[in-house]
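# Examining the three-dimensional arrangement
Here's the letter readout for the chains.
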2 protein chains.
Amino acid sequence: MAHIRRLLLKCQTVPISTIQRMTANNVDQFREISTSREVWATTSQDEFTSSPVPVAEVKRYATDCMVSLGVKTDHASALADVLVAADYRGHYSHGLNRLEMYVQDISTKICDGNAIPTIEKDKYSTALVNGQNSLGPVVGNFCMNLAIEKAKKFGVGWVTANNSNHYGIAGWYSIMAANQGLMGLSFTSTSPLVAPSRAKKAALGTNPITLAAPALNGDQFVLDMATCTVAVGKIELQRRKGLPIPEGWAIDNDGKITTSADVAMKGCLMPLGGAEQTSGYKGYGLAALVEIFCGISAGATYGPNIRRWMDTKRKANLGQCFIAIDPECFAPGFETRMSDLMSYLRHMEPADPSKPVIVAGDPERAHMALVDSEGGIRYHVNQISASASLAQKLNVNQMEHIA
Amino acid sequence: MAHIRRLLLKCQTVPISTIQRMTANNVDQFREISTSREVWATTSQDEFTSSPVPVAEVKRYATDCMVSLGVKTDHASALADVLVAADYRGHYSHGLNRLEMYVQDISTKICDGNAIPTIEKDKYSTALVNGQNSLGPVVGNFCMNLAIEKAKKFGVGWVTANNSNHYGIAGWYSIMAANQGLMGLSFTSTSPLVAPSRAKKAALGTNPITLAAPALNGDQFVLDMATCTVAVGKIELQRRKGLPIPEGWAIDNDGKITTSADVAMKGCLMPLGGAEQTSGYKGYGLAALVEIFCGISAGATYGPNIRRWMDTKRKANLGQCFIAIDPECFAPGFETRMSDLMSYLRHMEPADPSKPVIVAGDPERAHMALVDSEGGIRYHVNQISASASLAQKLNVNQMEHIA
């Protein structure tokens, strides 16, 4: 729970002005941003949500599931940390919702839950790590810790990994660096779901980019974004509601922009920016940047060669990239300037008075504050029943809710 | 001309299949992407374009202008190189079109054309450079050369500069690294023109991101993008044509999205992604990332503190960031994988058969090939007359066209 407690601490040390801005209506606005990406989005008012589950209990459950499959405790715990952090931060698509995918990867032995990553090449600021097909978070923690060590010694640590697996929310790794006063970045290539500008079919993943940077009093800038316009989950949510999707989210099977959620589910995601006239080729370029930093640099799979989503017939061999930079190597006063800019942005006059201007990381901080105030994480009832079934199947204790 | 020749060489060594794809209609499609961003966009069919001016002659003219103001030849030449490269690559807004701005910066003595940048801090992979208020390209070349040297020694070079000025196209610096077999990145903060998501007013610049990476046979991936949807010039172009602008480009004075080019010119640019429902907050996050790497890291101006566009009442004190990474530090075969991915993307089936799928850098390569085939760069007649006036004012020889 050390990592979670650290996140919690970070949240508690957010300046009071920020916390005040996160009360009442604002929390729900922030929540809307952070959770509307998710199919199983939940608000405390939602009739479909459970009573809260303490974060420690969610972690216990996720760890037990992995241990029941023969994964050693510290590896199971590393995975559980990242999944719980996702739910805690409001990114439900990357939390317990993904546990079954990891269970399947281990059950089918296509991923080796007990393997230890090794350093294949090392040179001052850089390293190439062979993930040895271990769990993504085990590889990710190994690499980011190495990058942090290098940043402290040489100013920058730039570590790429091959033979890795899904590593959870990218922000987990950048925050590791920010928690030590460094700037942290991470990138991972993912299964192809996004069509390059002008193309009919997908060739690139949702390829996230994350940057975390420390400000004063534990405040942090945390950008954690896919390089496509929206995740599949957001389209699925519109479909369930019977609503259309905005232009710029997805294309149909012929490569034409669609506003039908039904059609979109059979088509491809569009890169950030959407159509060519709104500069979708920039999002396409950023997705390619992620491929270059990950699979292409590390000699792992890349672009169209990456295995399909949820495929367990072949090893993932994902490429990932982890960067840490020590701001002390540049001008003194980094955190002061960070706080100054963030404060300026947060106090800008909003176009709609009910929607305050926020900075990257604020929606997640608001969600964590809500979880803390309620004593745990609320899940959609479907998630709760899926977790109960999995517990039964793996013969581990179900999650206990707060009464 | 060494740099230009190198660019030219790069272009000539693009695989023949690519060059073939750049003939006939395709050139104009590529040109549309690369030049439609520009107010003074030009096509060879355009009645408003001049006969070609050889790139060497454009450089001679730009250098003479700066030398006439007392700028030493090598500094004048460094600036001219970057401006000419912009026009040669088809980014007319950043070429001769900008020369008068640099002339004004030097004439008013708000920028010191002869100052030499100094290293303020140095630690293995990192350095903090004081640009000493010299010309942006002088600072940029100094920093990227230092980053390249560090990348070769330590794997990565990460150099930030304060006290810099406008440095031209960001891609110039990333390409410097790619020409030496490295990955190159550069970032610069710019005058505030972009409104953060939800805000009424601008607080961030168009803040470009560039990555250049080498592929086989001199081919290169060159992403060089502003983190807003479009540049001001593109809105100006629509206004001149009396056409509306797409949603996602700009907001009006009250922070509402506008489709009127007139209204947009008095409002603000929107970050890449546009509205919140199409994830404009991601572009906003990327613009903030650029501020963090530039002014905030380097202790220069940042965000709303940056002087207004074309202001010469106070020093620019811009922050910039230059990164070089040696791919040899990771898995062998980097360039082969680069070419494989680029080739796959270029051969994907397009949604519209008349618009082939391309990769970042292709439009610019097509433009350079066109310039080479015509023996020089064609300019809009307004640019030609503006350049003639400036030549007269500074008492230097006007540019000579190919008859």
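Please refer to the structure placed before this passage.
Quick look at the structure, then. Fair warning: this is a prediction, and the values are worked out from it, not measured in the lab.

### As for the overall build of chain A
- In terms of helices and strands, chain A carries 14 helices and ten strands.
- When the 403 residues of chain A are sorted by exposure, 66% land in the buried category.
- Expressed as a percentage of contacts within chain A between residues at least 6 apart in sequence, the contacts between residues at least 24 apart total 69%.
- Accessible surface for chain A amounts to roughly 13,800 Å². Of this, 52% is attributable to carbon and sulfur atoms.

### Some thoughts on the environment of G361 of chain A
- Of note, G361 of chain A is situated in the loop between α12 (334-346) and α13 (362-374).
- Separated by 272 residues in the primary sequence, G361 of chain A and R89 of chain A place their C-alpha atoms 9.2 Å from one another.

### Side note on the pattern of salt bridges
- Within the structure shown, the criterion is met by 30 salt bridges over all chains.
- The shortest N-O distance in the salt bridge between E349 of chain A and K200 of chain B comes to 3.0 Å. Note that E349 of chain A is positioned in the loop between α12 and α13 and K200 of chain B in the loop between β4 (183-188) and β5 (209-214), a pairing that runs across two chains.
- For the salt bridge of R240 of chain B with E236 of chain B, the shortest nitrogen-to-oxygen distance reads 3.7 Å. With R240 of chain B and E236 of chain B both in helix α9 (residues 232-241), this residue pair falls four residues apart, about one helical turn.

### Observations regarding the interface of chain B and chain A
- Taken residue by residue, the interface counts 95 residues in chain B and 95 residues in chain A.
- For the pair chain B and chain A, the summed buried area comes to about 7,500 Å², and 67% of that belongs to carbon and sulfur atoms.
- Contact with chain A buries area across many residues of chain B, yet R198, K282 and F330 of chain B alone supply 11% of it, more than any other trio.
- Put simply, chain B and chain A have two salt bridges between them.
- Here chain B is connected to chain A by 33 residue pairs in polar contact (both at pLDDT 80 or more).
- No other element matches the 15 residues that helix α11 (residues 280-298) of chain B contributes to the side of chain B that touches chain A.
- When its residues are assigned to classes, the side of chain B that touches chain A shows 55 nonpolar, 19 polar and 21 charged.

### Details of the packing of helix α6 (residues 99-107) of chain A against helix α14 (residues 381-394) of chain A
Residue and element names in this part refer to chain A.
- Here α6 crosses α14 at 25 degrees, and the two axes come no closer than 11 Å. Here α14 runs roughly parallel to α6, going by the angle between their axes. Note on packing geometry: the crossing formed by α6 with α14 is left-handed. Of the residues in α14, those in contact with L99, E100 and V103 of α6 are A386, L390 and L394.
- Tallied by class, the residues present in the contact of α6 with α14 amount to five nonpolar, no polar and one charged.

### Quick notes on the sheet that holds strand β6 (residues 220-225) of chain B
Residues and elements named next belong to chain B.
- Judged by pairing direction, the sheet is mixed, and its seven strands sit side by side in the order β1-β2-β3-β10-β4-β5-β6 without closing on themselves. In this open sheet, the two edge strands, each paired with only one partner strand, are β1 (118-123) and β6. The sheet shows a mean angle of 10 degrees between the axes of neighbouring strands, taken without regard to direction.
- Two elements, strand β3 (residues 156-164) and strand β10 (residues 318-325), share seven bridges in a ladder whose sense is antiparallel. Within the sheet, the bridge partner assigned to W158 lies in β10 and is I323.
- Taken strand by strand, helix α12 (residues 334-346) contacts β4, β5 and β6, and its axis lies near 110 degrees from that of β5.

### Some words on the packing of aromatic side chains
- The tally for this structure, following the rule as stated, stands at 17 aromatic pairs over all chains.
- With a centroid separation of 4.9 Å and 80 degrees between ring planes, the pair formed by Y124 of chain A and F154 of chain B is classed as edge-to-face. Residue Y124 of chain A is found in the loop between β1 (118-123) and β2 (126-130), and its partner F154 of chain B is found in helix α7 (residues 136-154); the two belong to separate chains.
- Its relative accessible area of 38% is what places Y124 of chain A among the partly exposed residues.
- F154 of chain B gets classed as buried once you look at its relative accessible area, which sits at 15%.
- Between Y92 of chain B and Y379 of chain B, the aromatic rings sit 5.9 Å apart at their centres with planes inclined by 80 degrees, giving edge-to-face as the arrangement. Here Y92 of chain B, found in the loop between α5 (73-89) and α6 (99-107), pairs with Y379 of chain B, found in the loop between α13 (362-374) and α14 (381-394); they are 287 residues apart in sequence, far enough to count as distant.
- A relative accessible area of 1% means that Y379 of chain B is categorised as buried.

### Comments concerning α14 of chain B
Residue and element names in this part refer to chain B.
- Helix length check: α14 (14 residues) gives 20 Å between terminal C-alpha atoms against 20 Å at 1.5 Å per residue, within 8%.
- Listing the buried residues of α14 in full gives Q383, I384, S387, L390, A391 and L394. Seen from one end, α14 has its buried residues packed into an arc of 125 degrees, which puts them on one side. Counted as exposed and oriented over 90 degrees from the buried face of α14: Q392 and K393.
- The secondary structure elements touched by the buried residues of α14 are α4 (55-67) and α6.

### Overview of the environment of L345 of chain B
- The residue L345 of chain B is located in helix α12 in this model.
- What makes L345 of chain B buried here is its relative accessible area of 2%.
- Through-space distance from the C-alpha of L345 of chain B to that of V357 of chain B is 6.5 Å; in sequence the pair is twelve residues apart.
- In this structure, L345 of chain B is in contact with P196, A203 and Y284 of chain A together with V357 and V359 of chain B, ignoring residues within four places of it in sequence.

### So, unusual backbone geometry
- The phi dihedral of Q132 of chain A is positive, around 55 degrees, even though this residue is not glycine.
- Structurally, Q132 of chain A is set in the loop between β2 and α7 (136-154).

### Concerning the relation of the copies chain B and chain A
- When chain B is fitted to chain A, the best match, at an RMSD of 0.0 Å, comes from turning it 180 degrees and sliding it 0.0 Å along the axis. Here the symmetry operator amounts to a two-fold rotation axis. For chain B, the minimum C-alpha distance to the rotation axis belongs to G273 of chain B and amounts to 2.1 Å.
- A symmetric contact is evident, with 100% of the interface residues of chain B recurring at the interface of chain A.

### Digging into helix α11 (residues 280-298) of chain A
Residue and element names in this part refer to chain A.
- Given a rise of 1.5 Å per residue, 19 residues ought to cover 27 Å, and the 27 Å separating the end C-alpha atoms of α11 matches this to within 8%.
- Considering bend angle alone, the principal kink of α11 is centred on I292 and spans about 35 degrees.
- Of all 19 residues making up α11, 19 are buried, and the element is well covered by its neighbours.
- Downstream of α11 by one or two residues, G299 has phi in the positive range, about 70 degrees.

So, how was this worked out
- Residues numbered from 1 in each chain as written.
- Chains lettered and ligands numbered in written order.
- Predicted model: local features only at pLDDT ≥ 70, side-chain atom pairs only at ≥ 80, totals over all residues.
- Heavy atoms only, no water.
- Helix = DSSP H or I, 4+ residues; strand = E, 2+ residues; numbered from the N terminus.
- Buried < 20%, exposed > 50% of the residue type's maximum accessible area, 1.4 Å probe, protein only.
- Contact = heavy atoms within 4.5 Å.
- Areas by Shrake-Rupley, 256 points an atom, 1.4 Å probe, with all protein chains shown as cover.
- Salt bridge = Lys/Arg side-chain N within 4 Å of Asp/Glu carboxyl O.
- Buried area = accessible area lost by both parts, 1.4 Å probe.
- Polar contact = N/O pair within 3.5 Å; in protein donor to acceptor, adjacent residues only side chain to side chain.
- Nonpolar A, V, L, I, M, F, W, Y, C, P; charged D, E, K, R; others polar.
- Axes fitted to C-alpha atoms, helices over the stretch in contact; angles between N-to-C directions.
- Parallel < 35°, antiparallel > 145°, perpendicular 65-115°, else oblique.
- Left-handed = near helix turned anticlockwise from the far one by under 90°.
- Pairing = 2+ DSSP bridges.
- Phe/Tyr/Trp six-rings, centres within 6.5 Å; stacked < 30°, edge-to-face > 60°.
- Expected span 1.5 Å × (residues − 1).
- Arc of directions from axis to C-beta.
- Least-squares fit on C-alpha atoms with pLDDT ≥ 70 in both.
- Bend = angle between axes of the 7 residues up to and from the residue.

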